[in-house]
Amino acid sequence: KRKIAVLTSGGDSAGMNAAVRAVVRAGIARGCDVFAVYEGYQGLVDGGNLIKKMSWNDVRGFLEVGGTSIGTARCMPFKQRPGRLQAAEHLVSRGIDSIVVCGGDGSLTGADVFRSEWPGLLDELLANKRITEEQHKSHRYLTIVGLVGSIDNDMSSTDITIGAYTSLARICESVDSIASTAISHSRAFVVEVMGRHCGWLALMAAISTGADFVFLPEKPPSDDDWQTAMCDRLTRRRALGKRNTLVIVAEGALDKNLNPIKPEQIKDILSDRMGLDTRVTTLGHVQRGGSPVAYDRYLATVQGVEAVEAVLRATPETPSPMIGMSQNKVTWRPLMKAVELTHAVATAIGNKDFEKATELRDSEFKL
Ligand code: F6P
């Protein structure tokens, strides 16, 4: 009988609960025992009642709840080998042979490192008499399956990550609310949105709310005098009778000289050059929380079911799969390839080599 652990790791995102529910229920339906690991990798390291066998009813009501009800953490001890050794001991003592991890690229890398140390960790546990010969023999392989939970939609090899559409919806709702004041007072608003190094949320939000200007990490403004170009555009729009002005700034946005650009700078430009009554709104964690939109519930559910399928079909030779979505179809891609590509894109952006970043991003779509 397969014994599967499911955990959520890194920043929470809406739909993680739906993923846990799907893994628990699909696992039980396929005859497996399923364990939830509470508090992310910290739960694996600490063990005890942080690793709990789940029943069908334990995940009732999970679909519509935001965040992750089994907790998450950015866990330092799991980054060190002694922490991973302890985690291995806790898994083996419960007979767990596979882990489904729902998290961002950092969390998924951690899972694959853990697998790559297997069965070395087991040998060490046996040598230290922390597990028996029998446990050592019956746990030769560890299966890891990745689900991508992140609001940033910054993972390569998948079109979309669990939580991104909910976050986008929350940003749109917030901007719509801000528009009431903006239109009433004829004000300008500069809204900062999350996304770490990825401009997906900012770009999608700008299109969806009809923003006047957007600043992204991947595509700094091209005009030499971008301040004047921006003001000219905003002035033209005002001249057409628009009473509100909206500028969206991604948290990792860059200016023409590739320096970080902050909402306060934009506010000063709009106030000083255009005489606009301007306010800054940083949406912060409002955009990460709340009930998942239907798409994230659906995405997490079909991918969670697929993750169980991947556990059941995995062989010791197959690389750990990451469950993704491509052209509306659920996909399995080698986890580490996806992580490597994600890091290569981030490095290219960090080096301000935007052409390279685009080329790398597109490479996976060239069949
Ligand atoms: O990765 C998700 C994210 O919300 C990013 O958009 C943001 O940069 C970061 O996490 C914030 O992290 P924290 O909640 O730890 O401050």
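Note that the coordinates shown come from a computational prediction; the quantities given were computed from them, not determined experimentally.

Chemist: Whenever I open this one, the packing of aromatic side chains confuses me. Can you help?
Modeler: Think of a pair of aromatic rings as described by two things: how far the centres are apart, and how the planes are tilted against each other in angle. On inspection of all chains with the given rule, the structure shows eight aromatic pairs. Between Tyr165 and Tyr295, the ring centres sit 5.3 Å apart and the planes meet at 80°, which makes this aromatic pair edge-to-face. Separated by 130 residues along the polypeptide, Tyr165 in helix 7 (residues 164–185) and Tyr295 in helix 11 (residues 294–313) bring together distant segments of the chain. Under the relative-accessibility criterion, Tyr165 is labelled partly exposed at 31%. Note on Tyr295: relative accessible area 25%, which makes it partly exposed. Aromatic side chains Phe215 and Trp226 sit 5.5 Å apart centroid to centroid with 75° between the ring planes, which places their arrangement in the edge-to-face category.

Chemist: Before we go on, may I ask you to explain the environment of Ser55 in this structure?
Modeler: Mapped onto the elements, Ser55 comes out in the loop between strand 3 (51–53) and helix 3 (81–94). Judged by its relative accessible area of 33%, Ser55 falls in the partly exposed class. Separated by 27 residues in the primary sequence, Ser55 and Ile28 have C-alpha atoms spaced 7.9 Å apart. Once residues within four sequence positions are removed from consideration, Ser55 is found in contact with Val24 and Ile28.

Chemist: For this particular structure, what's the right way to read unusual backbone geometry?
Modeler: Backbone phi values are negative for most residues with the exception of glycine, while trans is the configuration of most peptide bonds. Omega for the bond connecting Trp118 with Pro119 falls within 30 degrees of zero, at 5°, which places this linkage in the cis form. Here Pro119 lies in the loop between helix 4 (105–116) and helix 5 (120–127). The phi torsion at Asn153 lies on the positive side, around 50°, for a residue other than glycine. Considering the arrangement of structural elements, one finds Asn153 in the loop between strand 5 (143–148) and helix 7. According to the relative accessible area criterion, Asn153 is buried, its value standing at 8%.

Chemist: When you look at the pairing of strand 8 (residues 245–250) in this model, what are you seeing that I'm missing?
Modeler: Remark: a regular strand shows side chains that alternate across the two faces of the sheet. Burial of strand 8 is extensive: six of the six residues sit out of reach of the surface. With burial as the criterion, each face of strand 8 is covered, one bearing Thr245, Val247 and Val249 and the other bearing Leu246, Ile248 and Ala250. Two strands pair when backbone bridges link them, and strand 6 (residues 188–193) and strand 8 are joined in this way by six bridges, in the parallel orientation. Directly across from Phe189, in strand 8, lies its bridge partner Leu246. Pairing analysis gives three bridges linking strand 7 (residues 213–215) to strand 8, with the strands arranged parallel. When the bridges of strand 8 are listed, Phe215 appears paired with Val249. Handedness of the crossover joining strand 7 and strand 8 through helix 9 (residues 226–239) is recorded here as right-handed.

Chemist: What is the right way to read the UniProt feature "active site" (unreviewed entry) in the protein from this model?
Modeler: Mapped onto the present numbering, the UniProt feature "active site" (unreviewed entry) falls on Asp152. Mapping Asp152 onto the fold places it in the loop between strand 5 and helix 7. Of the residues examined, Asp152 reaches a relative accessible area of 8% and is grouped as buried. The contacts of Asp152, once residues within four sequence positions are left out, are Gly195, Arg196, Cys198 and Trp200.

Chemist: Quick question: what am I supposed to make of the side chain of Thr161 here?
Modeler: With respect to the helices, strands and loops of the structure, Thr161 is situated in the loop between strand 5 and helix 7. The residues touching Thr161, leaving out its near neighbours within four places in the chain, are Val148, Ser150, Asn153, Asp154, Met155, Asp296 and Leu299.

Chemist: Would you explain the pattern of salt bridges in this entry?
Modeler: When charged atoms on two side chains of opposite charge get close, those side chains can pair. Applying the stated criterion across every chain yields a total of 21 salt bridges. Arg30 is paired through a salt bridge with Glu309; the nearest N and O atoms lie 2.5 Å apart. Taken together, the residues span a long stretch of sequence, with Arg30 in the loop between helix 1 (16–29) and strand 2 (33–37) and Glu309 in helix 11 at a distance of 279 residues. A salt bridge links Glu218 to Arg361; the shortest N-O distance between them is 3.4 Å.

How each quantity is defined
Residues numbered from 1 in each chain as written. Predicted model: local features only at pLDDT ≥ 70, side-chain atom pairs only at ≥ 80, totals over all residues. Heavy atoms only, no water. Phe/Tyr/Trp six-rings, centres within 6.5 Å; stacked < 30°, edge-to-face > 60°. Helix = DSSP H or I, 4+ residues; strand = E, 2+ residues; numbered from the N terminus. Buried < 20%, exposed > 50% of the residue type's maximum accessible area, 1.4 Å probe, protein only. Contact = heavy atoms within 4.5 Å. Pairing = 2+ DSSP bridges. Right-handed = clockwise from strand over helix to strand, strands pointing away. UniProt positions renumbered as here; feature names shortened; annotations may be inferred. Salt bridge = Lys/Arg side-chain N within 4 Å of Asp/Glu carboxyl O.

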